[in-house]
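A structural walkthrough
Here is how the chains run, residue by residue.
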Amino acid sequence: MNKDAKLPETEEGSVLFNVDPIIVKSHYEIDYIHSYAQDSPFFAGLAKKKLLGSRCTGCGYTYATPRGHCMECGAATDWCEIPREGRVHTYTTCFFGGEAFLKETPFTLILVEFDGVDTLFLARLAGAGPDEVTIGMPVRARFLRNCTFKPTDVYFVPAQI
Amino acid sequence: MRPVYIISGGITKFAKSHPDKDFRLMVREAFDYAMADVPGLTREAIDGSVCSYFSDHFTRQLKAGAMVQDYLGLCPKPSRRIEGGGATGGLCFQSAWEAVASGRMDVCLAMGFETMSRVNTWKGNEFIALASDTNFDYPVGGFYTGYYAMMVRRHMYEFGTTVEQMAKVAVKNHRNALHNPYAQSPAELTVDDVRDSPMVATPLTIRDCCQMSDGAAVAILASGEAVARLGVRPVRISGVGCGTDAMRMADRPHGRVILLPHETEADYAALDYPGVHSFRGGRMAAKLAYAMAGITDPGRELDFVELHDAYTSSEIQTYEDLGLCRYGEGGSYVDAGAPFLPEIDYGLRFAGDGRWRRVPVNPSGGLLACGHPVGATGLMQAVFAFWQLQETIGKHLGDAALQIPDARRGLIHSHAGTGTYITVSILEKI
């Protein structure tokens, strides 16, 4: 036993914003080990410049954004290729955004509709200004050369100018 | 199931930041207010609680509900945390209803809070966007204002809704809030003020969007036996409903409208539904709540509505989901002045064509003007609706301008994640 025991001091300190009440900077960050699990073929498809969706083996409902089981009838789905050309179903240009995307503003988001596909696909639109986008405008998929294995590996551009 | 009543409520002032109070103290303030309003009610008579807060990222404290429970001195009574995005507060209210309706509790405290000031606005937007699919939606540019902007762009395309009609909603809710001391951002705005403010995501300007807030609210629910014992002025909860939709907007179907009793198939022969223009979950929640409350024509049978106007656009879309007007008529409903309070000067001219009975919507100022501390918001709506039906708005707000005379029946509506969880509850004077 040591009655003079001491814990080591540090020079860590704290970043202080205010003292009444005391407001300090509290840092937090984390890296996840994230599996795309059953959705993995979609991301592998992007690397091969393919858009892979899901077709229900029970009712034939076709999803532009993949899912392993059908939302309509509950049956398992198969992978199917989605056309590279579609139309703008709706759009917005974001001048602000979440912190992670602020540096990319302004950017345009679209939901794309495809012939023969029952659901839509969320993507960025490049090559058209905020006032140039219209609903129904034909768009074409392009793929990043250097994959990041994120859904932004595919984006869309105007199909006809 | 047995009848359930709301017997008291309390709200902290919603503000951009409350650095002098943590979440426990904010809830404590709302709780003290509610308890003081019912002198016969003691803490011992409360059988348990449900606690709502949306985001562990904002709170940065897991199991925060347990800390509120102990701070209020309610241990070792039962409690649980309720979470469901923007609808967290509405879900909490309905969970308290379930606790009492089932006979599990005689008196249940519903308490909610959010502390959003702990990060900057854009980090906060990032946190909120994590309530979209983090594989497929968030990485593309996750931003809720962007999602709602795409939804209303389609509403404009389908139905001819205009940005001016949306701006009038902002004018209404901010002006109502001038009489509400709990509100975060009361303001006298014009349509031009709304349109000339900074663009966030086309076509939504910053005045089309609610703000981030710190705040708390509580509602105390009780059985008929407890009401008789306590000698209070209760309001009955006559209907509850909840609906859902696919997390990814892209996955929403293009099918047929879920009809309310006053509608027919022919009303919507050519409409693909819900697509991304409407909230199917809101329609389902309304249908279930109306069935329980015996409402067959909501536009004629409701006296006011407190709905989840996180955006001016979603207020217009929600009029239609709730059946206050038909799908496609939400913009005209605003132009007609139907959702405005009759005694307040908004500086607007209304079409006044008498197509719709006046049903004030968001007399409190709604989320747009009161603020949106997510876990508290749905409970704030319950408290304002309770005070309306109790006819105590003047007492609690220190200003009776927002009191709707002879209000018999009100609706509260809480909404999450581009329509993924939505609750509707009906409150009635007894």
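These numbers were taken from a predicted model, which means no experiment stands behind them. (Residues numbered from 1 in each chain as written. Chains lettered and ligands numbered in written order. Predicted model: local features only at pLDDT ≥ 70, side-chain atom pairs only at ≥ 80, totals over all residues.)

1. Re the confidence of the model for chain B
- In the predicted model, chain B carries a mean pLDDT of 97, and 100% of its residues have values of at least 70.
- Listed scores for the predicted complex are pTM 0.97 and ipTM 0.96. (pLDDT = per-residue confidence, 0-100.)

2. Observations regarding the packing of helix α4 (residues 88–101) of chain B against helix α16 (residues 374–390) of chain B
Residue and element names in this part refer to chain B.
- Packing of α4 against α16 leaves a shortest axis separation of 6 Å and a crossing angle of 55°. In this view, α4 runs oblique relative to α16, as classed from their interaxial angle. Like other packed secondary-structure pairs, α4 and α16 cross with a definite hand, here right-handed. The segment α4 lies against α16, with Thr 88, Gly 89, Gly 90, Cys 92 and Phe 93 engaging Val 374, Gly 375, Ala 376, Thr 377, Gly 378, Leu 379 and Ala 382. (Axes fitted to C-alpha atoms, helices over the stretch in contact; angles between N-to-C directions. Helix = DSSP H or I, 4+ residues; strand = E, 2+ residues; numbered from the N terminus. Parallel < 35°, antiparallel > 145°, perpendicular 65-115°, else oblique. Left-handed = near helix turned anticlockwise from the far one by under 90°. Contact = placed C-beta atoms within 7 Å.)

3. Examining the sheet that holds strand β3 (residues 52–56) of chain A
Residue and element names in this part refer to chain A.
- With antiparallel pairing, three strands are arranged side by side in an open sheet as β4-β3-β5. Strand pairing shows two members of the sheet lacking a second neighbour, β4 (62–63) and β5 (77–81), which therefore form its edges.
- Here two bridges tie β3 to β4, and the two strands are oriented antiparallel to one another. By the bridge assignment for β4, Arg 55 is matched with Thr 62. (Pairing = 2+ DSSP bridges.)

4. Looking at the packing of helix α1 (residues 23–36) of chain B against helix α3 (residues 64–71) of chain B
Residues and elements named next belong to chain B.
- One can describe the packing of α1 onto α3 by two numbers: an axis separation of 9 Å at closest approach and a directional angle of 50°. If you check the angle between α1 and α3, you find them oblique. The two elements α1 and α3 meet at a crossing, and its hand is right-handed. On α3, the residues touching Phe 23, Arg 24, Val 27 and Arg 28 of α1 are Ala 64, Met 67, Val 68 and Tyr 71.
- A breakdown of the residues in the contact of α1 with α3 according to their chemical character gives six nonpolar, no polar and two charged. (Nonpolar A, V, L, I, M, F, W, Y, C, P; charged D, E, K, R; others polar.)

5. Details of the interface of chain A and chain B
- Opposite the 38 residues of chain A that make contact, chain B presents 32 residues.
- Taken together, the elements giving at least two residues each to the side of chain A that touches chain B come down to β6 (85–94), β7 (107–113) and β8 (121–125) of chain A.
- Looking at which element gives the most residues to the side of chain A that touches chain B, the answer is β6 of chain A, with six residues.
- Its residues placed into classes, the side of chain A that touches chain B shows 24 nonpolar, 10 polar and four charged.

6. A closer look at the environment of Ala 96 of chain B
- Here Ala 96 of chain B shows up in helix α4.
- Measuring from C-alpha to C-alpha, the distance between Ala 96 of chain B and Val 68 of chain B comes to 16 Å, with 28 residues separating the pair along the chain.

7. A word on the environment of Ala 217 of chain B
All names here are of chain B.
- Within the secondary structure, Ala 217 is located in strand β7 (residues 214–223).
- Taking the C-alpha atoms as reference points, Ala 217 and Val 169, separated by 48 residues in sequence, lie 24 Å from one another.
- Excluding residues that lie within four positions of it along the chain, Ala 217 makes contacts with Gly 10, Ile 11, Ala 30, Gly 112, Ala 376, Leu 379, Met 380 and Val 383.

8. Describing helix α11 (residues 280–293) of chain B
Residue and element names in this part refer to chain B.
- Taking 1.5 Å per residue as the helical rise, α11 with its 14 residues ought to reach 20 Å, and the 20 Å between its terminal C-alpha atoms agrees with that figure.
- Across the 14 residues that make up α11, a large majority, 10, are buried.
- Within α11 the residues assigned to the buried category are Arg 280, Gly 281, Gly 282, Arg 283, Ala 285, Ala 286, Lys 287, Ala 289, Tyr 290 and Ala 293.
- Buried residues along α11 sit in contact with β8 (235–244), β10 (273–274), α12 (298–301), α13 (312–321), β12 (409–416) and β13 (421–429). (Expected span 1.5 Å × (residues − 1). Buried ≥ 20, exposed ≤ 12 C-beta atoms within 10 Å, placed from the backbone.)

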